[in-house]
Amino acid sequence: MAFPEDRIHGVTEGASVYFFVEALSHPTPDFQWKRTFNNGTNVNLPSDDSGNKSNLTITNIKIEDFCNYTVSAHNNIGHWEDVEFELRALGRPFRVDESFLQFCYLAKPHPPTELSSEATAKSLTLSWTPGWDGGPTQTFTITYSTDGNKKTIPNIPDSPDANRIAYKLTEGISAEKSYSVEIFATNSQGSSEVVSWEPITTPALPSFKVNSITIEGDQAFIKWTLDKDLVDRVLVRAAGKTKNENFVETNVTDFDQDPIVVGLPSASSFIFDFSVYMGDDLLLSQSHIQRK
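Small disclaimer: the values here were computed from a predicted structure and weren't measured.

> Would you mind going over the overall build of the protein chain with me for this structure?
Assigned secondary structure in the protein chain consists of zero helices and 27 strands. Taking all 292 residues of the protein chain together, the buried fraction comes to 39%. In the protein chain, 59% of the contacts between residues at least 6 apart in sequence involve partners at least 24 apart. Only carbon and sulfur atoms are counted for the fraction: they give 47% of the accessible area of the protein chain, which is about 16,100 Å².

Here you go:
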């Protein structure tokens, strides 16, 4: 048995619904509720089960909740034929599939929300929360421009396993530039409105200067001048001048050290390579030769 008997329900956003089924069987059955989209995909839903009874409650209904729902029951003897329910949005259009048995609200996607960004002198990392996709799979298109030069990145995929998406732009990104960035979503039903980030300005390349290197035993004491606000690490590679494969690398993230202390390989003279990073972006590099 299933309640309510009328399997099609028109409700408004923000309302709540309650579906109930009972399967009289022995052994006690296991129930599985699913939400089914028009593209054939489905999502398992948690339910409140007790013995031979199961109910599904949907509260504060949102637009993405308007679709088909099925419930099945099975035990080690057999399987109960799926029971279908449907939620329709009052006052919204619906489309019937070829069998005229299943319904689902189809719509173009909502625009992305909660736009944020992080900028270095060589990249822009954009993140956003996807809007509702209307059921069909959606993709995203980003357009960014500066100084009259415009680039478009289409077909950025949705991320079904995460609430937010991040995408890194590197092509055409340079220091101390202001970028206009727009994004919209597309699915089989159309495209969302275009939304924009506030203009994003990339920072300058950091200044970096090695002032002195002092060798004491198997350590080097280095003094440098660095724009700390534009850098989060410096990779120091100390290698023997005659045997470059003999090296020690040190990641420096504590810039309050004075001097910076790094380990040395066994050698009489050294080549020091300094790689300055912000995140994964290599901003600049320098080399210095030092003898004991």
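> When you look at the sheet that holds strand β2 (residues 8–11) in this model, what are you seeing that I'm missing?
Taken together, the five strands give an open sheet; going across it, the order is β2-β9-β8-β4-β5, and neighbouring strands pair in mixed fashion. Strands at the two margins of the open sheet, each flanked by one partner only, are β2 and β5 (42–45). Sheet twist, expressed as the mean angle between neighbouring strand axes with direction ignored, is 25°. Bridge count for strand β4 (residues 30–36) against β5 is four bridges, and the pairing is antiparallel. Among the inter-strand pairings, R35 is bridged to a residue of β5, identified as V43.

> Can you walk me through the packing of aromatic side chains in this structure?
Tallied over the entire structure, the rule returns 11 aromatic pairs. Residues W128 and F140 carry aromatic rings whose centres are separated by 5.4 Å and whose planes lie at 65° to one another, so their mutual orientation is edge-to-face. With W128 in strand β13 (residues 124–129) and F140 in strand β14 (residues 139–146), this residue pair connects regions lying 12 residues apart in the sequence. The pair W128 / F140 is uniform in exposure class, with both members buried.

> Before we go on, may I ask you to explain the environment of S207 in this structure?
You can see S207 is positioned in the loop between β20 (200–201) and β21 (208–216). A residue is classified by how much of its surface remains accessible, and S207, at 37% relative accessible area, is partly exposed. Separated by 76 residues in the primary sequence, S207 and L283 place their C-alpha atoms 10.0 Å from one another. In this view, S207 contacts T225, L226 and D227; residues no more than four positions away in its chain are not counted.

> What should I look at first to understand the environment of L126 in this one?
Along the polypeptide, L126 turns up in strand β13. When the C-alpha positions of L126 and V181 are compared, they lie 9.2 Å apart, and in sequence the two are 55 residues distant. When residues no more than four places from it in sequence are discounted, the contact partners of L126 are S116, S117, I142, I165, A166, Y167, L169, V181, W197 and I200.

> Whenever I open this one, the pairing of β4 confuses me. Can you help?
Walk down a regular strand and you will see the side chains alternate between the two sheet faces. With seven bridges joining them, β4 and strand β8 (residues 68–74) adopt antiparallel strand pairing. Bridging across to β8, W33 finds its partner in V71.

> Where do I start with the pairing of β13 in this structure?
The element β13 is extensively covered by neighbouring structure, given that five of its six residues are classed as buried. Where strand β12 (residues 113–119) lies against β13, five bridges are found, and the strand directions are antiparallel. By the bridge assignment for β13, T113 is matched with T129. Between β12 and β13, which follow one another and run antiparallel, lie four residues.

> Where do I start with unusual backbone geometry in this structure?
Backbone geometry follows two general trends: most residues other than glycine have a negative phi, and most peptide bonds adopt the trans configuration. Cis geometry is adopted by the peptide bond preceding P27, which originates at H26 and carries an omega value of 5°. Along the polypeptide, P27 turns up in the loop between β3 (17–22) and β4. Omega for the peptide link from D258 to P259 comes to 5°, which places this bond in the cis form. Residue placement: P259 occurs in the loop between β24 (247–252) and β25 (260–263).

> So what exactly am I meant to see when it comes to the side chain of T143 here?
Relative to the helices and strands, T143 is located in strand β14. A distance of 3.3 Å separates the side chain of T143 from the side chain of T152, its partner in a polar contact. Setting aside residues no more than four positions away along its own chain, T143 makes contact with K150, K151, T152, S180, V181 and E182.

About the thresholds
- Residues numbered from 1 in each chain as written.
- Predicted model: local features only at pLDDT ≥ 70, side-chain atom pairs only at ≥ 80, totals over all residues.
- Heavy atoms only, no water.
- Helix = DSSP H or I, 4+ residues; strand = E, 2+ residues; numbered from the N terminus.
- Buried < 20%, exposed > 50% of the residue type's maximum accessible area, 1.4 Å probe, protein only.
- Contact = heavy atoms within 4.5 Å.
- Areas by Shrake-Rupley, 256 points an atom, 1.4 Å probe, with all protein chains shown as cover.
- Pairing = 2+ DSSP bridges.
- Axes fitted to C-alpha atoms, helices over the stretch in contact; angles between N-to-C directions.
- Phe/Tyr/Trp six-rings, centres within 6.5 Å; stacked < 30°, edge-to-face > 60°.
- Polar contact = N/O pair within 3.5 Å; in protein donor to acceptor, adjacent residues only side chain to side chain.

Honestly, that's just the spatial picture; any functional story needs more than this.
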